[in-house]
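As a plain string of letters, each chain reads:
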Amino acid sequence: MDEARKRDATELIRRAGWTDLVFCGIATESCVLKSAGDVFELGYAPWIVTDASASDAGPDVHDAGLVVVRRLIGTGQLVTAEHVVGQLTAYAGAPVLK
């Protein structure tokens, strides 16, 4: 991401008052990892949804990406989709998905 876009994204996050960001995607070992690492370095809490992420290079590469997340960001930042929905439901006080 170029610096101007990074500043814009950071400003959006700051204005919205977000402290936690949830990530999932196709390339756990690259795009998901890089995005989560970027926001972690900016002082936000990234959450990587392990069962909503994958790698087009296969499950071993996905798992390798998760190993890097564990080492650089922390094991506690790896969550499941069920956990995320549960947290959102508790926060909102009503079911998120029906």
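Further up the page is the structure itself.
Residues numbered from 1 in each chain as written. Predicted model: local features only at pLDDT ≥ 70, side-chain atom pairs only at ≥ 80, totals over all residues. Heavy atoms only, no water.

Draft legend 1. Layout of the pattern of salt bridges. Within this structure, the stated rule accounts for 3 salt bridges. Of the charged contacts, one joins Arg-14 and Glu-11 as a salt bridge, the two residues approaching to 2.5 Å between their closest N and O atoms. Remark: Glu-11 and Arg-14 occur in helix α1 (residues 3-16); sequence separation between them is 3 residues, near one turn of the helix. Residues participating in the shared-partner salt-bridge network are Glu-11, Arg-14 and Arg-15. (Salt bridge = Lys/Arg side-chain N within 4 Å of Asp/Glu carboxyl O. Helix = DSSP H or I, 4+ residues; strand = E, 2+ residues; numbered from the N terminus.)

Draft legend 2. Geometry of the state of the cysteines. Applying the stated criterion across every chain yields a total of 0 disulfides. Free of any disulfide, Cys-24 has its nearest cysteine sulfur in Cys-31, 12 Å distant. (Disulfide = S-S within 2.5 Å.)

Draft legend 3. Region of the structure containing the nonpolar core. The biggest cluster of nonpolar side chains holds 13 residues, and the ones touching the most others in it are Leu-21, Phe-23, Ile-48 and Val-69. Elements that contribute at least two residues to this core include exactly β1 (20-23), α2 (28-41) and α3 (59-72). For this core, the element with the highest residue contribution is α2, accounting for 4 residues. Look past the residues within four positions of Phe-23 in its chain and what remains in contact with it is Val-32, Ser-35, Ala-36, Val-39, Pro-46, Trp-47, Ile-48, Val-49 and Ser-53. (Core = buried A, V, L, I, M, F, W, Y, C linked by side-chain atoms within 4.5 Å. Buried < 20%, exposed > 50% of the residue type's maximum accessible area, 1.4 Å probe, protein only. Contact = heavy atoms within 4.5 Å.)

Draft legend 4. Expanded view of the packing of α2 against α3. Between α2 and α3, whose axes approach to 9 Å, the crossing angle comes to 15°. Here α2 is positioned roughly parallel relative to α3, judged by the angle of their axes. Relative to α3, the crossing made by α2 is right-handed. Residues Thr-28, Glu-29, Leu-33 and Phe-40 of α2 form the contact with α3, whose own contacting residues are Val-61, His-62, Gly-65, Leu-66, Val-68, Val-69 and Leu-72. (Axes fitted to C-alpha atoms, helices over the stretch in contact; angles between N-to-C directions. Parallel < 35°, antiparallel > 145°, perpendicular 65-115°, else oblique. Left-handed = near helix turned anticlockwise from the far one by under 90°.)

Draft legend 5. Broad picture of the side chain of Asp-38. In this fold, Asp-38 is placed in helix α2. On the basis of relative accessibility, which here comes to 17%, the residue Asp-38 falls in the buried class. Within the local environment of Asp-38, its side chain forms a polar contact with the side chain of Lys-34, the two groups lying 2.8 Å apart. (Polar contact = N/O pair within 3.5 Å; in protein donor to acceptor, adjacent residues only side chain to side chain.)

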